[in-house]
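# Descriptive analysis of the structure
For reference, the chains in residue letters:
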Amino acid sequence: MKKYILAAAAILIGSTTYAQQALWGQAAVKSPEINANKTVTFRIQAPKAIKVTLSGDFLPTQKIETPYGQFEAPGVVELKEGKDGIWEYTTPEAVAPEFYSYTFEVDGQKVVDPSNVFINRDVATLTSILYVDGDPIVDLYKVDDVPHGTVSKIWYHSDSEKIDRRLTVYTPAGYETSGKKYPVLYLLHGIGGDEEAWYTQGRATQILDNLIATGQAKPMIVVMTNGNIAQHAAPGEGPEGMVSPNLALPKTMDGTFEKAFPEIVKFVDKTFRTKADKKNRAIAGLSMGGFHSCHISKQYPDMFNYVGLFSAAIAKEQGDAYGIYSDFDKKLATQFSAAKRPALYYIAIGRTDFLYKDNMDLRAKMDANNYPYVYKETDGGHIWRNWRIYLADFAPRLFK
């Protein structure tokens with residue numbers, strides 16, 4: 001019996017020591033370190049490593065071919081080993097303000113920065129986060145000293161799919177006590193994303209908090225949907241369990257999500273204090289979400305008065321189970337008829353985005369028919385850096 005007590009005590013002491021290390025232990029190195037001149041130093045301790053590299057979207061990009069087209073990938077640089085096996089790299093120039101992602105590769109094994117607790121998940125990829133402030137747009141991404149909205153994870157029942165599905169919903173500061181009704185922005189993610197993408201990577205709640213607090217945007221409810229219609233919720237958050245995120249999900253771009261979208265609007269209007277009419281509804285999305293926004297808005301021309309296509313995947317459907325994508329020109333003509341024309345149709349894309357030509361083709365169609373729209377073009381490709389800019393530019397234009 002005494003042996004068991006001693007063994008238990010040893011386990012308890014060991015686990016307590018481990019917990020204390022987790023609570024009070026400090027990283028062996030400081031990384032990333034933003035220097036006074038705005039260069040950034042990255043460090044990782046790997047005393048037995050032969051080669052260590054750094055990949056980040058603040059570095060010059062490289063082109064890669066994927067099944068989905070040519071993408072701009074983060075650049076790669078080598079670190080140099082110093083004292084105590086600490087590898088180091090300092091950017092040669094100041095890093096411009098932005099919300100960046102980066103990883104290390106140690107002898108071919110990709111790892112996040114062990115000295116940086118701030119991690120981002122994009123589909124199935126984990127990256128460390130670097131935030132450099134000092135720009136009016138980029139400063140919208142930080143948590144500032146302003147009134148804050150509330151973020152809720154809300155479940156609704158999908159009658160069409162016969163499953164419960166989850167939404168992320170932002171209500172503006174004061175919603176709980178104001179008694180007022182609010183307009184609604186439906187904000188859609190890209191392929192492989194989910195209802196957490198705009199909340200985590202897109203910094204949507206920080207952007208809205210800061211724009212609303214300064215009077216640049218109207219107070220609004222923002223509904224961040226899960227566009228993977230066969231999925232209950234983000235990976236690990238539904239009854240599917242701890243499944244690995246992936247891009248090959250069924251029914252994402254075959255018309256099923258678009259057909260079922262009115263049940264989301266109906267649920268939101270029933271659950272929240274909304275201004276439940278077209279002039280107080282907006283829909284926008286990135287990539288696949290822009291594709292969905294395009295087709296949902298033309299399929300239901302009496303539902304949305306503001307439409308935002310951020311690097312939209314125009315003409316990339318994977319089938320058409322319900323005739324959603326057929327008669328595109330005819331439906332677009334109805335959407336832009338005098339009686340139904342949206343107050344804002346917004347198209348934005350990066351100059352090197354692999355979807356650039358598709359968006360130019362859509363613009364040509366709009367121009368040929370004199371359909372009014374606002375166009376914004378930025379540097380860079382199919383990246384979150386651009387989509388955050390587009391949201392920050394789009395939101396202040398709504399519900400005027």
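Everything here concerns the structure above.
Criteria and cut-off values
- Residues numbered from 1 in each chain as written.
- Predicted model: local features only at pLDDT ≥ 70, side-chain atom pairs only at ≥ 80, totals over all residues.
- Heavy atoms only, no water.
- Salt bridge = Lys/Arg side-chain N within 4 Å of Asp/Glu carboxyl O.
- Helix = DSSP H or I, 4+ residues; strand = E, 2+ residues; numbered from the N terminus.
- Buried < 20%, exposed > 50% of the residue type's maximum accessible area, 1.4 Å probe, protein only.
- Pairing = 2+ DSSP bridges.
- Core = buried A, V, L, I, M, F, W, Y, C linked by side-chain atoms within 4.5 Å.
- Contact = heavy atoms within 4.5 Å.
- Right-handed = clockwise from strand over helix to strand, strands pointing away.
- Phe/Tyr/Trp six-rings, centres within 6.5 Å; stacked < 30°, edge-to-face > 60°.
- Lys NZ or Arg CZ within 6 Å of the ring centre and 35° of its normal.
- Axes fitted to C-alpha atoms, helices over the stretch in contact; angles between N-to-C directions.
- Parallel < 35°, antiparallel > 145°, perpendicular 65-115°, else oblique.
- Left-handed = near helix turned anticlockwise from the far one by under 90°.
- Nonpolar A, V, L, I, M, F, W, Y, C, P; charged D, E, K, R; others polar.

Attention shifts here to the pattern of salt bridges. In this structure the tally under the stated criterion is 19 salt bridges. Between E161 and K251 there is a salt bridge, with the nearest N and O atoms lying 2.7 Å from each other. Within this pair, whereas E161 is found in the loop between β13 (150–158) and β14 (163–171), its partner K251 is found in the loop between β16 (221–224) and α5 (256–271), the two being separated by 90 residues in sequence. Here D393 and R397 are joined by a salt bridge, their closest N and O atoms 3.2 Å apart. Take R397: its relative accessible area is 34%, and that puts it in the partly exposed class. Members of the salt-bridge network, linked through shared partners, are K153, R166, E195, E196 and E237.

Below, the discussion takes up the sheet that holds strand β2 (residues 40–45). One open sheet holds the four strands; their spatial order is β1-β2-β8-β7, and the pairing between them is antiparallel. If you trace the sheet from one side to the other, it starts and ends with β1 (33–34) and β7 (80–81), each paired once. Sheet analysis places β7 next to strand β8 (residues 86–90), joined by two bridges and oriented antiparallel. Counted as the bridge partner of K80 is E88 from β8.

Okay, the nonpolar core next. Y186, F261, V268, L309 and Y345 are the most contacted members of the largest nonpolar core, which has 38 residues in total. In terms of residue count, the dominant contributor to this core is α5 (seven residues). Aside from chain neighbours lying at most four places away, what touches V268 is L167, V184, Y186, V223 and T274. One finds Y141, I207, M220 and W384 within the second-largest nonpolar core, a separate group that totals 36 residues.

The buried count for strand β17 (residues 281–286) comes to six of six residues, which makes it a mostly enclosed element. Covered by surrounding structure in β17 are R281, I283 and G285 together with A282, A284 and L286, the residues of both alternating faces. Pairing of β17 with strand β18 (residues 306–310), which is carried by five bridges, proceeds in the parallel orientation. Directly across from I283, in β18, lies its bridge partner V307. Traced from β17 through helix α6 (residues 288–299) to β18, the parallel crossover comes out right-handed.

With that out of the way, let us pick up the packing of aromatic side chains. According to the stated counting rule, one finds 23 aromatic pairs in the structure shown. The interplanar angle of 40° and the centroid separation of 5.7 Å between the aromatic rings of Y156 and F267 together place this pair among those described as tilted. Separated by 111 residues along the polypeptide, Y156 in strand β13 and F267 in helix α5 bring together distant segments of the chain. Above the face of the Y175 ring, R273 is positioned so that its terminal group lies 4.1 Å from the ring centre.

A few words now on the packing of helix α4 (residues 204–213) against helix α9 (residues 384–394). At a minimum axis separation of 10 Å, α4 and α9 run at an interaxial angle of 30°. Viewed along their axes, α4 and α9 adopt a mutual orientation that is roughly parallel. As α4 runs across α9, the sense of the crossing is right-handed. Each of A204, I207, L208 and L211 in α4 lies in contact with α9, whose residues at this interface are R388, L391 and A392. Here the contact of α4 with α9 is composed, by residue class, of six nonpolar, no polar and one charged.

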